[in-house]
Amino acid sequence: AYLFMIPGLLILLFFMAYPFFLGIYLSMTDKMVGFADFNFVGLENFQLLLRDQIFHRTVANTLIYSFVTVPFKLFLGLGLALVLNQKFHFSRFIRAGLLLPWIVPTAISSLAWLMLFDSVLSPISWVLKDWGVVQSNINFFGDRWNAIGAICIANIWRGLPFFAISILAGLQAVSPELHEAAALDGANAFQRFLAVTLPTIRTIILIATLFSIIFTFSDFQLIYVLTKGGPASSTHVFGTYAYQMMSFSALGQAAAVALSMFPFLALFAAILLRYIRAED
């Protein structure tokens, strides 16, 4: 058994453990890209980040980005899963089509959203002007809050299938006999959902939420394609700001920025895993 575990262990060591500990080491140095010489500076990079206004905004943006999109993806995915759990014509094809936003490469789908949010050719602006909601084209990426709203919408669209399919798989495991017994006791559809369905799929919902938080917190491609952290570095998240630092050759500071998301993820993981174990 241990012999068969060695390949998986080597993958974890070389592709997860080694980069993680290397990142910790680099975050405590003044390493520059292209230069062999560097010095150990301890926590100086983290001290610089505490005084960095762009980093403060990056933390706020990442928290907003995650706590706005994940609840929307959860509730919309739950509703969609409940609909798709019903029997109707072409249900299998619709379920397969639901995966398209998730399986299409992020860079490609982000380009489609980039055109949808174009300041001149956006069909969204055309429709809203035709309806009389706005008087001129919306500058989606020229204002911080417009840009944050745009990337949140794109992220919700992309992440919705993950919740829908995950919860749908859990709904398939709910025994029909439980619903029949609850119906015989006089429970209506909503009461059966609260008393039978929700407790059964609660663990799946928590695990999907945990993974979604990790995916969203570490997101890079969607934000980089749409805004590249702009306008004026106002929509940076951890991934894009670390990449910008690295493009400035400040590898040590980039590692510090990337490593700064770890305490947040560890906290969220600990909270959700505690609830999952409480259910067991």
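See above for the structure.
Definitions and cut-offs
- Throughout, residues of each chain are indexed from 1 in the direction in which the sequence is written.
- With pLDDT at 70 or above as the cut-off, local features in this predicted model cover only qualifying residues; side-chain atom pairs require 80 or more to be listed or tallied, and sums for whole chains, interfaces and linings still use all residues.
- Each side-chain value is worked out from all heavy atoms of the structure, with water and hydrogens disregarded.
- The helix and strand labels rest on DSSP assignments: H or I over at least four residues marks a helix, E over at least two residues marks a strand, and numbering proceeds from the N terminus.
- Three exposure classes are used, based on accessible area relative to the maximum for each residue type with a 1.4 Å probe and protein chains only: buried under 20%, partly exposed in between, and exposed over 50%.
- By definition in these notes, contact holds between two residues if any of their heavy atoms fall within 4.5 Å.
- The charge count treats Lys and Arg as positive and Asp and Glu as negative. His and the chain ends do not count.
- Where a charge lies is defined by one atom per residue type, namely NZ (Lys), CZ (Arg), CG (Asp) and CD (Glu).
- Here a polar contact is recorded for every N or O atom pair within 3.5 Å, except that within protein the pair must consist of a potential hydrogen donor and a potential acceptor, and residues adjacent in sequence are included only if both atoms are side-chain atoms.
- Ring pairs are drawn from Phe, Tyr and Trp, using the six-membered ring of Trp, whenever the two centres fall within 6.5 Å, and their geometry is named by plane angle: stacked under 30 degrees, edge-to-face over 60, tilted for the rest.
- We count a charge as sitting over a ring when the NZ of a lysine or the CZ of an arginine lies within 6 Å of the ring centre and within 35 degrees of the ring normal.
- Here the term patch refers to residues with relative accessible area over 30% and no salt bridge, with like charges joined within 9 Å and nonpolar side chains (Val, Leu, Ile, Met, Phe, Trp, Tyr) within 5 Å.
- In short, Shrake-Rupley with a 1.4 Å probe defines the accessible areas, and a residue's cover is counted only from the protein chains shown.
- Salt-bridge detection follows one rule: a side-chain nitrogen of Lys or Arg within 4 Å of a carboxyl oxygen of Asp or Glu.
- To estimate the expected span of a helix, count its residues, drop one, and scale the result by 1.5 Å.

Regarding the overall build of the chain
Argument step 1. Within the chain, the regular secondary structure consists of 14 helices and zero strands.
Argument step 2. Listed N to C, the secondary structure of the chain is α-α-α-α-α-α-α-α-α-α-α-α-α-α in terms of helices and strands.
Argument step 3. The principal-axis extents of the C-alpha atoms in the chain amount to approximately 75 × 65 × 30 Å.
Argument step 4. Counting all 280 residues of the chain, 38% fall into the buried class.
Argument step 5. Pairs at least 24 apart in sequence give 69% of the contacts found in the chain among residues at least 6 apart.
Argument step 6. When the 15 positive and 13 negative side-chain charges of the chain are each reduced to one mean point, those points stand 3 Å apart.

Regarding the environment of Glu-177
Argument step 1. Along the chain, Glu-177 falls in helix α9 (residues 176–184).
Argument step 2. Taking the relative accessible area as the measure of exposure, Glu-177 reaches 52% and is therefore exposed.
Argument step 3. The sequence separation of Glu-177 and Phe-15 amounts to 162 residues, and the corresponding C-alpha distance is 45 Å.
Argument step 4. A polar contact of 2.5 Å, which involves the side chain of Glu-177, links it to the side chain of Ser-175.

Topic: unusual backbone geometry
Argument step 1. Of note, the bond from Gly-230 into Pro-231 is cis; its omega dihedral lies within 30 degrees of zero at 0 degrees.
Argument step 2. In this fold, Pro-231 is placed in the loop between α11 (221–226) and α12 (238–247).
Argument step 3. Phi is positive for Lys-228, close to 55 degrees, though the residue is something other than glycine.
Argument step 4. Tracing the backbone shows Lys-228 in the loop between α11 and α12.

Notes on the packing of aromatic side chains
Argument step 1. In the structure shown here, the tally under the stated rule is 21 aromatic pairs.
Argument step 2. Measuring from ring centre to ring centre gives 5.4 Å for Phe-20 and Phe-21, while their planes differ by 75 degrees; the resulting arrangement is edge-to-face.
Argument step 3. Using a relative accessible area of 30% as the deciding quantity, one classes Phe-20 as partly exposed.
Argument step 4. Ring centres of Trp-102 and Phe-215 lie 6.0 Å apart, and the angle between their planes is 50 degrees; on these two criteria the pair is classed as tilted. Highlighted residues: Trp-102 in helix α5 (residues 100–103) and Phe-215 in helix α10 (residues 189–217), separated in sequence by 113 residues.
Argument step 5. Directly above the aromatic system of Trp-145 lies the positively charged group of Arg-144, at a separation of 4.6 Å from the ring centroid.
Argument step 6. Taking NZ or CZ as reference, Arg-158 lies 5.7 Å from the ring centre of Trp-102, over its face.

Remarks on a nonpolar patch on the surface
Argument step 1. Judged by side-chain polarity, Leu-3, Ile-6, Leu-9, Leu-10, Ile-11, Leu-12, Leu-13, Phe-14, Phe-15 and Met-16 come together as a nonpolar surface patch covering roughly 1,100 Å² of accessible area.
Argument step 2. With respect to the helices and strands, the residue Met-16 is situated in helix α1 (residues 2–26).

Details of the side chain of Thr-29
Argument step 1. Residue position: Thr-29 is located in the loop between α1 and α2 (44–50).
Argument step 2. In this structure the side chain of Thr-29 is engaged in a polar contact, spanning 2.8 Å, whose partner is the backbone oxygen of Leu-26.
Argument step 3. Engagement of the side chain of Thr-29 in a polar contact is seen with the backbone nitrogen of Lys-31, the distance being 3.4 Å.

Comments concerning helix α3 (residues 53–84)
Residues three or four positions apart in an α-helix share a direction because the helix packs 3.6 residues into each turn.
Argument step 1. Here α3 is 32 residues long and its end C-alpha atoms lie 45 Å apart, about the 46 Å a rise of 1.5 Å per residue gives.
Argument step 2. Its side-chain oxygen placed 3.0 Å from the backbone nitrogen of Ile-54, Asp-52 serves as the N-cap of α3.

Side note on helix α7 (residues 123–130)
Argument step 1. For α7, the N-terminal capping position is held by Ser-122, with its side-chain oxygen 3.2 Å away from the main-chain nitrogen of Ile-124.
Argument step 2. Residue Gly-132 follows α7 closely and has a positive phi angle near 80 degrees.

Remarks on the environment of Asn-139
Argument step 1. Turning to its location among the elements, Asn-139 is positioned in the loop between α7 and α8 (144–172).
Argument step 2. Asn-139 sits in the partly exposed class, given a relative accessible area of 43%.
Argument step 3. As for Asn-139 and Phe-117, which are separated by 22 residues in sequence, their C-alpha atoms are 8.1 Å apart.
Argument step 4. With near-sequence residues (within four places) excluded, Asn-139 lies in contact with Ser-119 and Asn-146.

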